[in-house]
Amino acid sequence: MMWPALWALLLVGGTRPGRGWAKEVDGGREDRGHVSVVVVGATGDLARKYLWQGFFQLYADEVGGGHSFSFYGAALSDPEKGSPALFAILRGLACPALVSPERCAALRDQFLKLARYRQLKSEQDYAGLHAEIGQGLQPEGPREAGRLFYLSVPAFAYADIAGKINGSCRPPAGAWLRVVLEKPFGHDSDSASLLSSQLEKFLKEEETYRIDHYLGKQVVAQILPFRMQNRKLLSPIWNRHHVERVEIVLKETLDVKGRTEFYNQYGVIRDVIQNHLTEVLTLLTTEIPVNLSSSGEILRNKLRVFSSLLPLDRGSAVIGQYQAYSAEVREELNKTKDFVSAMPTFAGVAVHIGNSQFDGVPFILTSGKLLDERVGYARVLFKNRVFCVQNVGDVHCQPRQIVFYFGHGSLQNPAILVSKNLFKPVLPEDSWQEVTEHKDISLFGLPLSQYYVQTPRVQKEAYAVLISHIFHAKKDSFISTENLLASWQFWTPLLHSLAQEFPRLYPGGEDNKNLLDFKLQGREVSFTNEAVVLISQSPGGSTAQSFQVTQGKYRTWDMVSAWAEELIHRLASDLQGAAERAVRRRGQFHLALSGGSSPLALFQRLALHHYAFPWERTHVWMVDERCVPLWEQGSNFRTVHDHLLQHVRMPYFNIHPMPVHLNQRLCVEEDGGPQAYEKEIARFVNDSSFDYVLLGVGYDGHTASLFKDTKAEALKDKLVALTESPVKPHQRMSLTFSAINRARAIGVLAMGKGKHEMITQLSRVKDDPRRWPITGVKPVKGRLVWYIDYEALLG
């Protein structure tokens, strides 16, 4: 009976495990012996797709090296249900690469014999597992080397399971314990800190392995070695003087069906950007360690990157959501028909590093669902100072870039590409090979033949790589507690600032076209396409075909529409553009501002972000004013002063409040306030034509302080008039239609759901200034643009 077993051992290359045979592990020594692997959540989707295949690869690699193994598939189900499910997975395991069919059959047979199912729920169950492991170690056999627990379970169960492992299933002294945790590791900085403190009660830092499978991707794992092996060529150009920007991208074509419950709690930033893409960022920017085999040095260097990252705010990101997402959430999570999720499925974030090496270099982190292709890469684009006058196709004029291509996309396979006008890279020849026969495709503006292309000789699955690293205690491939908390502290402020924002909708796939394109101005990003989203209300639901984008007109005039913050970004940029053009042409910019609450976000935006605005050449006028002292809270001028004027550098003489308070009284006809303001306008403003007039529109259709039944005919020869408001304070002073319509440009800002009914009515009525005063705004020679946010437009 012993011959079949002996023959199997010979086939798999096995030897009798012996004591005292040791190897170097991260600077220490690890005795050979018996290793127990316990996969908790053994029949789940992750275990079925990746984990068991990875542990089978580990067994194939290590079985002949002096260790013996046992594998436990653990779950909450009873053995009658759990055991058949486990062995159905194990019988379907594929053979590792480069293994002969005969050896593979023997390996699989041995692996199945070493595997068993355990129900793990209570403290007693873990104690029973502990006893079973101990009983399997015969006195004359190998000592216990260690226990590896892989927790493929939701994060809320980590602390409970860690407590049970610590209390009932720790290995004896001299044997190691390694507990692997799958992301997410918290939801924000507070929850991550809480989870870490709970785990610290039961597990030491060296026993905890937080896995990020991106660190197991061959190209990602090669970033630091690549930088070290090519440091003589890279060091002179790996800095802000030569790098134009860095793009770290993960695009997916799938939706979130099947993961909706998880995804609707986390969204795209927490799901992939805070972890996968941020880890790539640190590998690209960290200081190269003196010793690449020192996990401690690598983790310390990566931690220092976080201390150099500049804080993120709302202007650092754009977010989107594919149109069918809310319907999928309603269906899978049994939400009511009026439920709408604001969770982003797309994000583009600009990250900046405040150190001398990368100061000013934008790192663009981008990911999304239902995009045009499945691909992941990190692209370092270098500045090219060569200007080719005639032969623009010459190699010296082409983009200079290094691309760490993670896989999929047009290349399909992982690769490292260096454009030939940079240098020929060095990679380890035993594991990487140069590709010299290229497909007829282009990548980032260059044909593939214009790159040096290196690919792995043997492609390995990321989980298999990381499982091997866990076994060999290679900690730099995992997330330390300090690095985890530093990452969450960096990302949490942005997540909180986005919590109340509704993402831009997009149809999905090729139909997105340029809808998600975004641009970088300074340290801020914004969508390039200010589009109006019209959503079909058809019984069949939303589809890509029912999604329309309109660069629209409203009441025959130009219209810009977007979510509120994007709309304000656009209006502020348009205002600055108008100011710069006016200053170039005439040396001055005359801006008339309305009161009300709608412009407050614009004022704050201009004050805090538009440092290049030519305030020293700008004159600020008032469109209308309440008849109250200028220092009172109800004054429109007081509002403009508090939210804008006191924050910008503008000459005092360029500020023109309306004279509503003369002779110690308010808006008395005999005091001639309107006539005085007209004279002031005529004195400073050429032809009394403002460069830009910003208007709001009230719920009743009024604009400025021109209300329903205002007798426009009686005011046609005046630029400024006293008017009556239906609400207190009743007395007002206002520019007339004559003054407004002389302007070179007019913007009308309408925001909020409360304006939806009025905007809808206005879209249908004819010009009738007596009923709808805003319809009397018709510039004689200038341009009128309506700025309407989605809530006002769509309700």
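On a predicted model such as this, the values are computed, not experimentally measured, just so you know.

A. Representation of the side chain of S705 within the structure. By secondary structure assignment, the location of S705 is in the loop between β33 (692–696) and β34 (720–724). Here D624 takes part through its side chain, which lies 2.9 Å from a polar atom of the side chain of S705. Excluding its chain neighbours within four sequence positions, the residues that come into contact with S705 are D624, T723, R732, M733 and S734.

B. Up close: helix α15 (residues 481–498). Its 18 residues give α15 an end-to-end C-alpha distance of 25 Å, which sits within 8% of 26 Å, the value for a rise of 1.5 Å per residue. At W491, α15 shows its largest kink, close to 35°, and the proline P493 lies no more than four residues downstream. All buried positions along α15 are accounted for by T481, N483, L484, A486, S487, W488, F490, W491, T492, L494, L495 and L498.

C. Main features of the pattern of salt bridges. A complete count under the given rule lists 33 salt bridges for this structure. K474 is the partner of D476 in a salt bridge, and the nearest nitrogen-oxygen pair spans 3.0 Å. K474 gets classed as partly exposed once you look at its relative accessible area, which sits at 29%. Between R570 and D574 there is a salt bridge, and its shortest N-O distance comes to 3.0 Å. Separated by four residues within a single helix, R570 and D574 lie in helix α16 (residues 564–586), roughly one turn from each other. Note on R570: relative accessible area 26%, which makes it partly exposed.

D. Broad picture of a negative patch on the surface. Together, E200, E205, E206 and E482 line one region of the surface with negative charge. Mapped onto the secondary structure, E200 falls in helix α7 (residues 189–200). According to the relative accessible area criterion, E200 is exposed, its value standing at 54%.

Reading guide: rules and limits
- Residues take numbers from 1 onward in each chain, read along the sequence in its written order.
- Given that this is a predicted model, residues contribute local features only at a pLDDT of at least 70 and side-chain atom pairs are listed and counted only at 80 or more, while totals for whole chains, interfaces and linings are drawn from all residues.
- Only hydrogens and water are set aside when side-chain values are computed; all heavy atoms of the structure are taken into account.
- A helix here means a DSSP run of H or I that spans at least four residues, while a strand means a run of E at least two residues long, and both kinds are numbered starting from the N terminus.
- As used in this structure description, the phrase polar contact means that two N or O atoms lie within 3.5 Å; if the pair is within protein, one of them must be able to donate a hydrogen and the other to accept it, and residues adjacent in sequence are counted only when both atoms belong to side chains.
- Note on contacts: a residue pair is in contact if any heavy atoms of the two residues lie within 4.5 Å.
- A helix is expected to reach a length of 1.5 Å times the quantity of its residues less one.
- Bend at a given residue is defined as the angle between two axes, one fitted to the seven residues that end at that position and one fitted to the seven that begin there.
- The cut-offs for exposure are 20% and 50% of the maximum accessible area for each residue type, with area from a 1.4 Å probe on protein chains only; residues under the lower value are buried, those over the upper are exposed, and the others partly exposed.
- In the sections that follow, a salt bridge refers to a side-chain nitrogen of Lys or Arg positioned within 4 Å of a carboxyl oxygen of Asp or Glu.
- Patches draw on residues past 30% relative accessible area with no salt bridge. Two like charges within 9 Å are joined, as are two nonpolar side chains (Val, Leu, Ile, Met, Phe, Trp, Tyr) within 5 Å.
- Only the protein chains shown count as cover for residues, and the accessible areas themselves come from Shrake-Rupley with a 1.4 Å probe.
- Within this scheme the basic residues Lys and Arg register as positive and the acidic residues Asp and Glu register as negative, but His and the chain ends are omitted.
- Note that the charge is assigned to NZ on lysines, CZ on arginines, CG on aspartates and CD on glutamates.

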